[in-house]
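Chain residues, written in single-letter form:
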Amino acid sequence: MDDEEHANDGARTDGGVSDGNDALAAAVDERVDAYRDRLFELLAQPSVSTTGEGMDVAADLVIDVLEDAGLDAERIDTERYPLVYAERGPVGDEDDADDTGDAAETGDDVPTVLFYGHYDVQPPGDVDAWESPAFEPTIRDGSIYARGSGDNKGQFAAHAFAVDALLAADAFPDVTVKLLIEGGEESGSAGLREYLRSQPDALADVDLVYVADGPRHAVAGEDGVRAGVPTLMYGNRGVLSVQVDLRTANTDLHSGNFGGPVPGATNRLVELLASMRADDGDGVDVDGFHDGTAITDADRELVAAIPDDSEAIREELDVDRFVTDDPYYERLLTRPTMTINGLSGGYQGEGMKTVLPATASAKLDFRLVPNQDPDAVFEAVRSHLREREPRVEVAKHGTFPPMKTPVDTPMAAPVRDALETVWDEEVVELPVLGGSLPAAYFREVEALADVPVLVVPYANHDQGNHSPNEHLDVDCFENGIRTSARVIRSLGSR
């Protein structure tokens, strides 16, 4: 993976696709141990954006890994953490010309794919819960255990190693490959948003934004055991995180001497939260909350085609029953939600204390579907609560907007073909990811307003991201490299 190994970069073969893909497969096989070693370097370097641990060193390491893979990489400093931008144009872009004097196709004439990822990770959490230290990557039972292995170092590195393998196989097509790796996804993506708001010229020619993040979708087999399958998603749900604080008196009171006429903050807060629930116990009943929701018939068709393994999910999670009798994935992917993440107030110690609490708090998140505006939803929620309780305080903690690409985008075809070829399985397609990503921020770039954004996770469905013992299956890592390489190669043949 050095300059000598890329000595043939200027001599791209023009053989058939099958010949190129055979050479590509051989290149990945020959170099996969080196790819794993470089991934281990990334994983051994802490890069915790919530605390800042290791972030500066990690950014420089990412640059080194990308340059070693054959890309030109640079550091982009922001008011938060650095981003890393890297690019590889068609082979011979600068100096190749045939005997007739005609130049090879230039980057302006060829498709451009932008791979997005992030090098920051979650804190390790309870160190005693890890079977091996979080920043000492270890392979056990066919999986790479380390913080960031799946989320997201193992996935973004796959794109760089795909470029390296294509170059090694003399199979790099007429495509411009760009990588944008941020350092703040786990803490709000402030640096990414700052960069995108600047309308960077480097992104003006992008034809496809490709996001490999999160776990692959899992489907239950005949034995009821769920296993990951190749997954293609056309967007993600958004999220709005809110804190609600209420004070009903200037001090905690005796529940016998004051309870009844004097309101208790805990009682009142529960009433306020319940007022936002629809009568069916599932939906959200807040004026203006659903404004803009846009789920198409094509989206619903995709949802209906997702294998129904809800019973296996129910048993796996030891859930007595679901909240609704509606189809599981229809409820999960096509409707917004309100979740109470935590409640605090009153006495929580051992034994009893007959107290009438003066204060209570709740943390909530709202998962949003395409075209809902997180800021408008926040205003609707705050108005709803303040109309019923003037003393309540409602604060916005963070947002990610929902994002959606039409499911009939032509850019899905090469991705779908690559997944099916590499994994030899049928692809499951979802209109959106149930979770949230900063992918919608790419829409803030005027040149990317209508560019397809596809989410193609490579990690195993049980990767345990954000949890102790996070791990990336070795075959997911290696097949991620192969998938990215085939996507790049397919774009070049379009």
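Before any of the text, the structure's been laid out above.
Every value quoted in this text rests on a predicted model; they were computed, and no experiment measured them.

Trainee: Give me the lowdown on the overall build of the chain, citing residues and values where you can.
Mentor: Along the chain, the regular secondary structure elements total twelve helices and 21 strands. A compact globule built from 494 residues would reach a C-alpha radius of gyration of about 23 Å, and the chain, at 25 Å, matches this within 12%. Along the first, second and third principal axes, the C-alpha atoms of the chain reach 95 × 50 × 50 Å. Contacts spanning at least 24 positions in sequence make up 80% of the contacts within the chain whose residues lie at least 6 apart.

Trainee: Which residues make up the nonpolar core, and what are the values?
Mentor: Core analysis: the biggest nonpolar cluster contains 72 residues, and Leu-66, Tyr-119, Val-177, Leu-179, Tyr-210 and Leu-232 have the highest contact counts within it. The element contributing the most residues to this core is helix α3 (residues 149-168), with ten residues. Core analysis: the second largest hydrophobic core is formed by 38 residues, Leu-203, Val-206, Val-428 and Leu-430 among them.

Trainee: Describe the pattern of salt bridges, naming the residues involved and giving the relevant values.
Mentor: Scanning the entire structure with this criterion turns up 26 salt bridges. The residue Glu-131 makes a salt bridge to Arg-140 at a minimum N-O spacing of 3.6 Å. The exposure class of Glu-131 is exposed, given its relative accessible area of 65%. For Lys-396, the salt bridge identified is with Asp-375, shortest N-O distance 2.7 Å. One end of the pair, Lys-396, is in strand β17 (residues 393-400); the other, Asp-375, is in helix α10 (residues 374-388), and 21 residues separate them in sequence. Of the residues examined, Asp-375 reaches a relative accessible area of 40% and is grouped as partly exposed. It is possible to trace a salt-bridge network through shared partners that takes in Arg-38, Glu-41, Asp-64 and Asp-68.

Trainee: So, the sheet that holds β17: which residues are in play, and what are the values?
Mentor: Taken in spatial order, the four strands make up an open sheet running β14-β16-β12-β17, and their pairing is antiparallel. At either margin of the open sheet sits one strand with a lone partner, and together these are β14 (337-345) and β17. With strand direction ignored, the average angle separating the axes of adjacent strands in the sheet is 15 degrees. Here ten bridges tie strand β12 (residues 238-247) to strand β16 (residues 359-368), and the two strands are oriented antiparallel to one another. Of the residues in β16, the one forming a bridge with Arg-247 is Thr-359. The strands that helix α6 (residues 265-274) touches are β12, β14 and β16; relative to β16, the one it contacts most, it runs at about 15 degrees. The strands touched by α10 within the sheet are β12, β16 and β17, with β17 carrying the most contacts at an inclination of about 160 degrees.

Trainee: Provide a residue-level description of the packing of α3 against helix α12 (residues 474-492), including the pertinent values.
Mentor: The geometry of α3 relative to α12 is characterised by a closest axis approach of 8 Å and an angle of 55 degrees between their N-to-C directions. Comparing their axes, α12 and α3 come out oblique. The chirality of how α3 crosses α12 is right-handed. For the pair formed by α3 and α12, the contact residues are Gly-154, Ala-158, His-159, Phe-161, Ala-162, Val-163 and Leu-166 on the first element and Phe-477, Gly-480, Ile-481, Ser-484, Ala-485 and Ile-488 on the second. Split by residue class, the contact of α3 with α12 holds nine nonpolar, four polar and no charged.

Trainee: Give me the sheet that holds strand β4 (residues 138-140): which residues, what numbers.
Mentor: One open sheet accounts for three strands, arranged β4-β5-β21; its pairing is antiparallel. Taken across any chain shown, the strands that pair with only one partner, and hence form the sheet edges, are β4 and β21 (471-473). Adjacent strand axes in the sheet meet at a mean angle of 30 degrees, parallel and antiparallel pairs treated alike. Strand contacts of α12: β4, β5 (143-145) and β21, with the helix running at about 65 degrees to β21, the strand carrying the most contacts.

Trainee: Give me α10: which residues, what numbers.
Mentor: The periodicity of an α-helix, 3.6 residues per turn, causes residues three or four places apart in sequence to face the same way. Helix length check: α10 (15 residues) gives 22 Å between terminal C-alpha atoms against 21 Å at 1.5 Å per residue, within 8%. Those residues of α10 hidden inside the fold are in contact with β12, α6, β16 and β17. One side-chain oxygen at the N-terminal end of α10 lies 3.0 Å from the backbone nitrogen of Asp-375; it belongs to Asp-373.

Trainee: Just give me the short version of a negative patch on the surface, but keep the residues and values in it.
Mentor: Among the surface-exposed residues, Asp-279, Asp-280, Asp-285 and Asp-287 lie close enough to one another that they form a single negatively charged patch. Tracing the backbone through its elements, the reader meets Asp-285 in the loop between α6 and α7 (297-305).

Trainee: Describe α12, and please don't skip the residues or the numbers.
Mentor: For α12, with 19 residues, the first-to-last C-alpha span of 28 Å sits near the 27 Å given by 1.5 Å per residue. For α12, the buried fraction is high: 14 of the 19 residues fall into the buried class.

Trainee: Describe the pairing of strand β2 (residues 83-88), naming the residues involved and giving the relevant values.
Mentor: Within β2, five of the six residues are buried, leaving the element largely enclosed by the surrounding structure. Summarising the sheet, strand β1 (residues 72-76) and β2 pair through five bridges and their orientation is antiparallel. Paired with Ile-76 across the two strands is Leu-83, which belongs to β2. Here β1 folds back onto β2 in antiparallel fashion, the turn holding six residues. Sheet topology places β2 next to strand β6 (residues 176-182); five bridges connect them, and they run antiparallel. Among the inter-strand pairings, Ala-86 is bridged to a residue of β6, identified as Leu-179.

Each value, and the rule that gives it
- Residues numbered from 1 in each chain as written.
- Predicted model: local features only at pLDDT ≥ 70, side-chain atom pairs only at ≥ 80, totals over all residues.
- Heavy atoms only, no water.
- Helix = DSSP H or I, 4+ residues; strand = E, 2+ residues; numbered from the N terminus.
- Rg over C-alpha atoms; globule rule 2.2 N^0.38 Å.
- Contact = heavy atoms within 4.5 Å.
- Core = buried A, V, L, I, M, F, W, Y, C linked by side-chain atoms within 4.5 Å.
- Buried < 20%, exposed > 50% of the residue type's maximum accessible area, 1.4 Å probe, protein only.
- Salt bridge = Lys/Arg side-chain N within 4 Å of Asp/Glu carboxyl O.
- Pairing = 2+ DSSP bridges.
- Axes fitted to C-alpha atoms, helices over the stretch in contact; angles between N-to-C directions.
- Parallel < 35°, antiparallel > 145°, perpendicular 65-115°, else oblique.
- Left-handed = near helix turned anticlockwise from the far one by under 90°.
- Nonpolar A, V, L, I, M, F, W, Y, C, P; charged D, E, K, R; others polar.
- Expected span 1.5 Å × (residues − 1).
- Polar contact = N/O pair within 3.5 Å; in protein donor to acceptor, adjacent residues only side chain to side chain.
- Patch = residues over 30% accessible without salt bridge, like charges linked within 9 Å, V, L, I, M, F, W, Y side chains within 5 Å.
- Areas by Shrake-Rupley, 256 points an atom, 1.4 Å probe, with all protein chains shown as cover.
- Lys, Arg positive; Asp, Glu negative; His and termini not counted.
- Charge placed at Lys NZ, Arg CZ, Asp CG, Glu CD.

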